[in-house]
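Read off the chains here:
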Amino acid sequence: MRFITEFRSSELSAGLLSQIRLRSRTPARLMEFCGGHTVAIFKHGIRQVLPATLEMVSGPGCPVCVTANADIDKAIALSQVPGVIITTFGDMLKVPGSRLSLQEAKAGGADVRMVYSTMDAIKIANENADKAIVFLGIGFEATAPTIAASIIQAKERGIDNYYVLSLNKLCPPAIRAILDSGEVRLNGLICPGHVSTVIGSHPWGAIAREYHIPCVISGFEPVDILQCVSMLVAQIEKGEARVEIAYRRGVRPEGNPEAIKLMEMVFEPAPARWRGMGELPASGLKLRREYQQFDAELAFDIIAEPACEPEGCICGDILRGTKVPQDCPLFASTCTPEHPVGPCMVSSEGSCSAHYLYGGSLAG
Amino acid sequence: MQDRILLAHGSGGKLARELVEKSFLRVLANPLLARLDDSAVFDLSGKIAFTTDSHVVSPIFFPGGDIGRLAVCGTVNDLAMSGARPLYLSLALIIEEGLTMSELDRVMASIQKAAEEAGVKIITGDTKVVGRGSADGLFINTTGIGVVPEGVDISGSNARPGDKIVLSGNIGDHSIAVLSKREGLSFATDLKSDCAPLGNLVAEMLAASLSIRCLRDPTRGGLASTLNEIAGQSGVGIRIEEEKIPVREEVLGACEMLGLDPLHLANEGKLVAVVPAQDAEAVLKAMRVNCYGKEAAIVGEVSAEHPGRVVMKTGLGTSRIVDMLVGEPLPRIC
């Protein structure tokens, strides 16, 4: 594997930085949508070296964090149904719902298994014909095609004990909701890298035009991010607003047509609940009629108690970019990665965890 | 002889006796063990180091090693990190019914080879067999005894401002090699575990400087946790430089793919030393001559600032806090 060291090069970074410092005159606020970018920005200390004209805010791009408590409760309620095996990506295990996390449900006897791929979930379904296997469909457009592929495979192979609880979400509608609300004034968007490998640059191009905001798609290494910021600054200073790709080794303008085809074959857009933003129209994915037999929502009577939010937790505001973790009274006192209260502290891509792990005070 | 381990092999009866003689005594051959008394009896003098470690790695065979080599190296290295010369080990096996004899023989041969390389003898042991599902193939506990040479005072509490942090080589190889073979996660890589006994390396380092302050092997929790422990125990700050820490490109690549931090990955054949600045070059030179220290590097230093904290200078010249690992590192979603 290559393409890492060269994108961490200190000379390249220094060159980009001096370009940014030279060009940036207008005060501007940039939002990185993606949790992967938030972590990279903190890990490499990028905020510390940007000129004072540039302010960075984190967006709602952590799939675990934006999952509403009511939906986590639903997954936990499903795990209590006799004969059900829950399969999930690892990040979901630790997220607290209203009363329990999946990890705690597992310790209490529920059959919850971490998988690394939807194909592992299919394998478990195939090997446990007498059980119902539910895969928790969490994630954005980068994950949805692999979930679609698993459903298509289950249909082709006649696997009738495999179900998906589709909590998948779409990125552009969330960004539109943030821009529509006007709560946070933004001058540029660092658009997600992995998601754009699938959807390409066109959806961001539309946002750039409609909202007159520069949009640049970034990779995840320091050189990628600085390149992206430099391109945003150039647009801001020239008064332009268009989409550009600073992650050409991963993203093509048309995205990945095969992956989009799979996703559209199995799913259709549907309203979805976002933590902190409420229900947004056409921002989620539900299974199309032809694949309804795999829909866990329809296959099970899921009875979950009404959801409640942890008292004092401001994850919702943090996800919208209106507050920062340090504004939260629980941050680093009652809420830590060891004992998380809200999801932004649990997820490896959450803002609170990035601030806590990499941005802490040196006072000790 | 049966080709699989049965519950009866742990019964204390004839099958058990046969197992001890054919699989253990013949391979580990040494007079102290061969007496087969209830305990090994031997003379020792000086300051004694004593440690124990249990090994439950899955899968039990992985690129570059296996649970046997790991069980010997783990305990030998814990002794060596006190500056001790490792001498004797105990070996306790918990075997899941159904383990094949050939797997057991492979593990035993590996144990013997590692013990020989480390210069230790296995002088007492125990075997239990548990029913299918009660263990994952094979669990091994080893306990070790070593002697600390005169004049050596090594402890996590000894680090002082100005000392240098020396790392013996590339980090993360073991974690990624094992993960690459784990069911459901297999990915192609030529990486091998770094699993190795470090007793000789430590002896050669001590020959270069008796003033080495701390030695630690960054196993579970990785370099980040080890440095945080030292910073906490000694009440000092530690500064490291990202660009000086040796990490293979393959390990960086796997970390990016899985969402892991190399600083949190386990190593089984690496050590971190805190050395007074004036002795650092001599210790480094001694390390680089040893086959397990060829990539050794000075990666940072101890400071009086930010006590209890580890701070890393990134490639961009910025600083960030390096915290301990919390819970299990779980691969991320997207």
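Computed from a prediction, not measured in an experiment: that's the story for all the values here.

## Quick look at the overall build of chain B
Then comes step 1: Helices and strands together make up the secondary structure of chain B, namely nine helices and 13 strands.
Then comes step 2: With the C-alpha coordinates aligned to their principal axes, the bounding extent of chain B is approximately 65 × 55 × 30 Å.
Then comes step 3: Every one of the 334 residues in chain B was classed for burial, and the buried ones make up 49%.

## What to know about the overall build of chain A
Then comes step 1: When helices and strands are tallied, chain A shows 17 helices and eleven strands.
Then comes step 2: Since a compact globule built from 364 residues should have a radius of gyration of about 21 Å, the 21 Å found for chain A is in line with a globular shape.
Then comes step 3: Each principal axis of the C-alpha distribution contributes one length, and for chain A these read about 65 × 45 × 40 Å.
Then comes step 4: Counting every position in chain A, which comprises 364 residues, the buried fraction comes to 55%.
Then comes step 5: In chain A, the proportion of contacts linking residues at least 24 apart, taken out of those at least 6 apart, comes to 76%.

## Considering the domain arrangement of chain B
Residue and element names in this part refer to chain B.
Then comes step 1: For chain B, the assigned domains are domain 1 (7-148) and domain 2 (164-322).
Then comes step 2: Here domain 1 and domain 2 have C-alpha centroids that lie 27 Å from each other.
Then comes step 3: Across the boundary between the two partners, domain 1 contributes 22 residues, which contact 22 residues of domain 2.
Then comes step 4: Contributing elements (two or more residues each) for the side of domain 1 that touches domain 2: helix H3 (67-80), strand S4 (85-96) and helix H4 (101-118).

## Observations regarding the nonpolar core
Then comes step 1: Residues A:Ile133, A:Val134, A:Leu136, A:Val164, A:Leu189, A:Cys215 and A:Val216 are the most contacted members of the largest nonpolar core, which totals 122 residues.
Then comes step 2: Broken down by element, this core gets its largest block of residues, nine residues, from helix H12 (residues 222-238) of chain A.
Then comes step 3: Dropping the residues within four chain positions of it, A:Leu136 is found in contact with A:Ala75, A:Ile86, A:Thr88, A:Met92, A:Leu165 and A:Leu167.
Then comes step 4: One finds B:Leu70, B:Ala84, B:Ile145 and B:Val202 within the second-largest nonpolar core, a separate group that totals 94 residues.

## Topic: the pairing of strand S6 (residues 162-166) of chain A
Residue and element names in this part refer to chain A.
Then comes step 1: Buried residues dominate S6, accounting for five of its five residues.
Then comes step 2: In terms of strand pairing, strand S5 (residues 132-137) meets S6 through five bridges, oriented parallel. In the strand pairing of S6, valine 134 is matched with tyrosine 163.
Then comes step 3: Taken together, S5, helix H8 (residues 144-156) and S6 form a β-α-β motif whose crossover is right-handed.

## Topic: the packing of H8(A) against helix H13 (residues 257-266) of chain A
All names here are of chain A.
Then comes step 1: Where H8 meets H13, the axes come as close as 8 Å, and the angle between the chain directions of the two elements is 60°. Considering their axes alone, H8 and H13 lie oblique with respect to each other. Between H8 and H13 lies a crossing of left-handed hand. Between H8, through Ala144, Pro145, Ala148, Ala149, Ile151 and Ile152, and H13, the contact on the second element is made entirely by Ala259, Leu262, Met263, Met265 and Val266.
Then comes step 2: Residue classes in the contact of H8 with H13 are distributed as eleven nonpolar, no polar and no charged.

## Quick look at the packing of H3(B) against H4(B)
Residue and element names in this part refer to chain B.
Then comes step 1: Across the interface, H3 lies against H4 with an axial gap of 7 Å and an inter-helix angle of 30°. Taken together, the axis directions place H3 and H4 in an arrangement best described as roughly parallel. In the packing of H3 onto H4, the handedness of the crossing is right-handed. Along the contact surface, H3 presents Ile67, Gly68, Arg69, Ala71, Val72, Cys73 and Val76, while H4 presents Val107, Met108, Ser110, Ile111, Ala114, Ala115 and Ala118.
Then comes step 2: Of the residues contributing to the contact of H3 with H4, the split by class is eleven nonpolar, two polar and one charged.

## Considerations on the interface of chain B and chain A
Then comes step 1: Contact residues are listed per partner, giving 28 residues for chain B and 39 residues for chain A.
Then comes step 2: Of all the secondary structure elements, the ones that give two or more residues to the side of chain B that touches chain A are helix H8 (249-258) and strand S13 (319-322) of chain B.
Then comes step 3: When residues of the side of chain B that touches chain A are assigned to their parent elements, the largest contribution, five residues, is made by H8(B).
Then comes step 4: Of the residues that constitute the side of chain B that touches chain A, the class distribution is eleven nonpolar, nine polar and eight charged.

## A look at the domain arrangement of chain A
Residues and elements named next belong to chain A.
Then comes step 1: The assigned domain composition of chain A is domain 1 (5-62 + 182-245), domain 2 (65-170 + 255-299) and domain 3 (315-358).
Then comes step 2: If you average the C-alpha positions of domain 1 and of domain 2, the two centres end up 31 Å apart.
Then comes step 3: Tallying the contact residues gives nine residues for domain 1 and 13 residues for domain 2.
Then comes step 4: The leading source of residues in the side of domain 1 that touches domain 2 is helix H10 (residues 193-199), at six residues.

## Looking at the environment of A:Arg252
Residue and element names in this part refer to chain A.
Then comes step 1: As for its placement among the helices and strands, arginine 252 is situated in the loop between strand S9 (243-245) and H13.
Then comes step 2: A tally of 13 C-beta atoms within 10 Å means that arginine 252 is categorised as partly exposed.
Then comes step 3: For the pair formed by arginine 252 and phenylalanine 135, sequence separation is 117 residues and the distance between their alpha carbons is 30 Å.

## Description of the sheet that holds strand S5 (residues 121-130) of chain B
All names here are of chain B.
Then comes step 1: Here we have four strands laid out as an open sheet, ordered S1-S6-S4-S5, and mixed in their pairing. Edge strands, defined here as strands with exactly one partner in the open sheet, are strand S1 (47-55) and S5. Averaged over all pairs of adjacent strands, the angle between strand axes in this sheet comes to 15°, irrespective of strand direction.

## With respect to the sheet that holds strand S10 (residues 272-275) of chain B
All names here are of chain B.
Then comes step 1: Across the sheet, which stays open at both edges, the seven strands sit in the order S8-S10-S7-S11-S9-S12-S13 with mixed pairing between neighbours. Two strands in the sheet have a free side with no partner beyond their single neighbour: strand S8 (214-216) and S13. Averaged over all neighbouring strand pairs, the angle between strand axes comes to 25°, with direction disregarded.
Then comes step 2: Note that strand S12 (residues 310-313) and S13 share four bridges and pair antiparallel. By the bridge assignment, lysine 313 is partnered in S13 with serine 319.

## Examining the environment of B:Gly125
Then comes step 1: Looking at the secondary structure, you find B:Gly125 in strand S5.
Then comes step 2: In this structure, the C-alpha to C-alpha distance between B:Gly125 and B:Leu32, residues 93 residues apart in sequence, is 11 Å.

## Observations concerning the environment of B:Lys285
Then comes step 1: Here B:Lys285 is to be found in helix H9 (residues 277-289).
Then comes step 2: Sequence-wise, B:Lys285 and B:Met205 are 80 residues apart; in three dimensions their C-alpha atoms are separated by 8.8 Å.

## With respect to helix H17 (residues 351-358) of chain A
Then comes step 1: Across the eight residues that make up H17(A), a large majority, eight, are buried.
Then comes step 2: For H17(A), the complete set of buried residues consists of A:Ser351, A:Cys352, A:Ser353, A:Ala354, A:His355, A:Tyr356, A:Leu357 and A:Tyr358.
Then comes step 3: Considering only its buried residues, H17(A) is in contact with helix H2 (35-43), strand S2 (54-61), helix H15 (315-320) and helix H16 (343-346) of chain A together with S13 of chain B.

Cut-offs and rules
- Residues numbered from 1 in each chain as written.
- Chains lettered and ligands numbered in written order.
- Predicted model: local features only at pLDDT ≥ 70, side-chain atom pairs only at ≥ 80, totals over all residues.
- Helix = DSSP H or I, 4+ residues; strand = E, 2+ residues; numbered from the N terminus.
- Buried ≥ 20, exposed ≤ 12 C-beta atoms within 10 Å, placed from the backbone.
- Rg over C-alpha atoms; globule rule 2.2 N^0.38 Å.
- Contact = placed C-beta atoms within 7 Å.
- Domains from an automatic or database assignment.
- Core = buried A, V, L, I, M, F, W, Y, C linked by C-beta atoms within 7 Å.
- Pairing = 2+ DSSP bridges.
- Right-handed = clockwise from strand over helix to strand, strands pointing away.
- Axes fitted to C-alpha atoms, helices over the stretch in contact; angles between N-to-C directions.
- Parallel < 35°, antiparallel > 145°, perpendicular 65-115°, else oblique.
- Left-handed = near helix turned anticlockwise from the far one by under 90°.
- Nonpolar A, V, L, I, M, F, W, Y, C, P; charged D, E, K, R; others polar.

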